[in-house]
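Each chain is listed here by its residues.
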Amino acid sequence: MLDAVYLERDAERSVEIGLLADVAGGRVGLDGVLADLDRRGRRGPVPGRDVAWGFALDLRDSVTLRWWPQGITTSADSNAEETYAGRSVVLTTSYSKTLRGQNQGARLSVFDISDRDDVCYQHVLLVEAVVRDGAVNLQPVRTHAGGIVWHGPYVHVAGTARGLYTFHVDDIVRVPPGMPGTFGYRYVLPMRYRYAAVTAQGHQGIRYSFLSLDRSGEQHQLIAGEYGRGGQTTRVIRYDMDAATGLISTDPAGASRPRALDLSGIEQMQGAVSVGGRLYVTQSLGRVTRGSLWTGRPGAFVRHRHALPQGPEDLCYWPSTQQLWSVSEHPLLRFVFSMNRESFDP
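Residues numbered from 1 in each chain as written. Predicted model: local features only at pLDDT ≥ 70, side-chain atom pairs only at ≥ 80, totals over all residues. Heavy atoms only, no water.

### Quick word on the overall build of the protein chain
The following threshold applies: What counts as a helix is a DSSP run of H or I of at least four residues, what counts as a strand is a run of E of at least two, and both are numbered from the N terminus. Computation of the radius of gyration draws on C-alpha atoms, with the globule rule given as 2.2 Å multiplied by the number of residues to the power 0.38. Here's how the labels work: a residue is buried when its accessible area is under 20% of the maximum for its type, exposed when over 50%, partly exposed in between, all with a 1.4 Å probe on protein chains only. Contacts are assigned to residue pairs that have any heavy atoms within 4.5 Å of one another. The protein chains shown are the only cover counted for residues, whose accessible areas, like all others here, come from Shrake-Rupley with a 1.4 Å probe.
The helix and strand inventory of the protein chain stands at four helices and 25 strands. Against the compact-globule benchmark of 20 Å for 346 residues, the protein chain has a radius of gyration of 19 Å, which places it among compact chains. Seen through its principal axes, the protein chain has C-alpha atoms that stretch 60 × 50 × 40 Å. By the burial criterion, 59% of the 346 residues in the protein chain qualify as buried. A fraction of 60% describes how many contacts in the protein chain between residues 6 or more apart in sequence connect residues 24 or more apart. Accessible surface for the protein chain amounts to roughly 13700 Å². Of this, 47% is attributable to carbon and sulfur atoms.

Structure (structure tokens):
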């Protein structure tokens, strides 16, 4: 099975991104976004028996029916120092539902949590820059964006059956007002690469529903898994990461081949992270029932009921604080929150 599924990276979109930067007057990168955080998280209790700390999104983002939070990663995934430009940063993804005949694709939200009493953030639209007749056009990246990993300068976003979409944080541009394809956003991040999901004939392809990073060994690994219910597969797969570049490692043929594949995941799992060989898995149970966290090893998981808010999604780990981080998706129940890992360990 390991030889039957893999990822294949396409050509770098450097020309298209360069033309976009020219139109926008240059790249501003993640630093530019962090200098222009226009929204504030709302302090208050976060539901869930084992939540240690968290905050709600601002009221506009809490009630919108267009944008649904999904993936989460942090500056602790990005580098060993666990900060970016001296700040503690959280990145989340959201996907757009189609409202009033319009689907805006997916977006990144950049949170500065350095001051826990004043969490600020900004949204960045994920786009693909396409050149037609010498002009650059922007198309939304339409994906569920169920998981995200920030590794080095790259951000990898889950694309379900399509594979992964990869972005470089230095490519963020501030676009001119009214630029077509931006839906009024000030900042856009163009895609650098796509990792297409490839499946050998006669085998079932992997759904890249969520992502996380395992930095516990000398060889960093990307973990991807499948959300499944009603008999669907719930597999967890691992790929080696290139610590020097931040990209997924490739073989001489240019393919990224998995290092491991486990078939025994948990139904309705939304995120999974590995710490010291132990898996931590979020499970959603609808808008009414609070989520569960499962811990252990495949085939021997322990369930912690009602540990999380309703609708928990992706999961990541902050090593120095020994905390797990997640985000929840339902309107009026949209939180970014952390949990102490020791709360779930025997």
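### As for helix H1 (residues 14-24)
Formally: When we speak of the arc, we mean the arc of directions from the helix axis to the C-beta atoms.
Turning to H1, its buried residues are Ile17, Gly18, Leu20, Ala21 and Ala24. Down the axis of H1, the buried side of the element spans an arc of 160 degrees, and every buried residue falls inside it. Across from the buried face of H1, at angles greater than 90 degrees, the exposed residues are Val15 and Asp22. Looking one or two places after H1, you find Gly25, whose phi comes out positive at around 85 degrees.

### Digging into the pairing of strand S14 (residues 210-214)
Applied cut-off: Two strands are counted as paired when DSSP detects at least two bridges linking them.
With respect to burial, S14 is a largely interior element, five of its five residues being buried. Here S14 shows two buried faces, one formed by Phe210, Ser212 and Asp214 and the other by Leu211 and Leu213. Pairing between S14 and strand S15 (residues 221-225): five bridges, direction antiparallel. Across the sheet, Leu211 pairs through a bridge with Ala224, a residue of S15. Connecting the antiparallel pair S14 and S15 is a turn made up of six residues.

### Re a nonpolar patch on the surface
Note the cut-off: Two joining distances apply to patches: 9 Å for like charges and 5 Å for nonpolar side chains (Val, Leu, Ile, Met, Phe, Trp, Tyr), and every residue must have over 30% relative accessible area and no salt bridge. Put simply, a salt bridge is a Lys or Arg side-chain nitrogen that is within 4 Å of an Asp or Glu carboxyl oxygen.
A cluster of nonpolar side chains, Leu59, Val63 and Leu332, forms an exposed patch at the surface whose accessible area comes to about 290 Å². Here Leu59 is to be found in helix H3 (residues 59-63). On the basis of relative accessibility, which here comes to 53%, the residue Leu59 falls in the exposed class.

### Quick notes on the sheet that holds strand S3 (residues 53-56)
In plain terms, the rule: To define axes, lines are fitted to C-alpha atoms, for helices over the stretch in contact only, and angles between the resulting N-to-C directions are given on a 0 to 180 degree scale.
Taken together, the four strands give an open sheet; going across it, the order is S3-S25-S24-S23, and neighbouring strands pair in antiparallel fashion. Looking at the sheet topology across the chains shown, the edges are occupied by S3 and strand S23 (312-318). Put simply, the sheet's adjacent strands are angled 20 degrees from each other on average, direction ignored. Looking at chain direction, S3 and strand S25 (residues 335-340) are connected through four bridges and run antiparallel.

### Some points on unusual backbone geometry
Here Ala145, not a glycine, exhibits a phi torsion of approximately 50 degrees, which is positive. Counting through the fold element by element, Ala145 comes out in the loop between strand S8 (135-140) and strand S9 (148-151). The exposure class assigned to Ala145 is buried, which follows from its relative accessible area of 0%. Although it is not a glycine, Phe183 adopts a positive phi angle of roughly 55 degrees. For Phe183, the location among the structural elements is in the loop between strand S12 (173-174) and strand S13 (187-199).

### Concerning the pattern of salt bridges
Counting across every chain of the model gives 22 salt bridges. Measuring nitrogen to oxygen at the nearest pair gives 2.8 Å for the salt bridge that ties Glu12 to Arg192. A residue pair is termed long-range when its members are at least 10 positions apart, and Glu12 in the loop between strand S1 (5-9) and H1 and Arg192 in strand S13 qualify at 180 residues. Glu12 sits in the partly exposed class, given a relative accessible area of 37%. For Arg192, a relative accessible area of 14% puts it in the buried group. The shortest N-O distance in the salt bridge between Arg27 and Asp171 comes to 3.1 Å. With Arg27 in the loop between H1 and helix H2 (29-34) and Asp171 in the loop between strand S11 (163-168) and S12, this residue pair connects regions lying 144 residues apart in the sequence. Accessibility expressed as a relative area gives 1% for Asp171, which makes it buried. Through salt bridges with shared partners, a single network forms among Glu12, Arg27, Asp171 and Arg192.

### Describing the sheet that holds strand S21 (residues 289-297)
Pairing within the open sheet is antiparallel, and its four strands lie in the order S19-S20-S21-S22. Every other strand in the sheet has two partners, leaving strand S19 (269-275) and strand S22 (300-308) as the edge strands with one partner each. The average undirected angle you get between the axes of adjacent strands in this sheet is 20 degrees. Where S19 meets strand S20 (residues 278-285), six bridges bridge the pair, whose relative direction is antiparallel. Along S20, the bridge assignment pairs Val273 with Tyr280.

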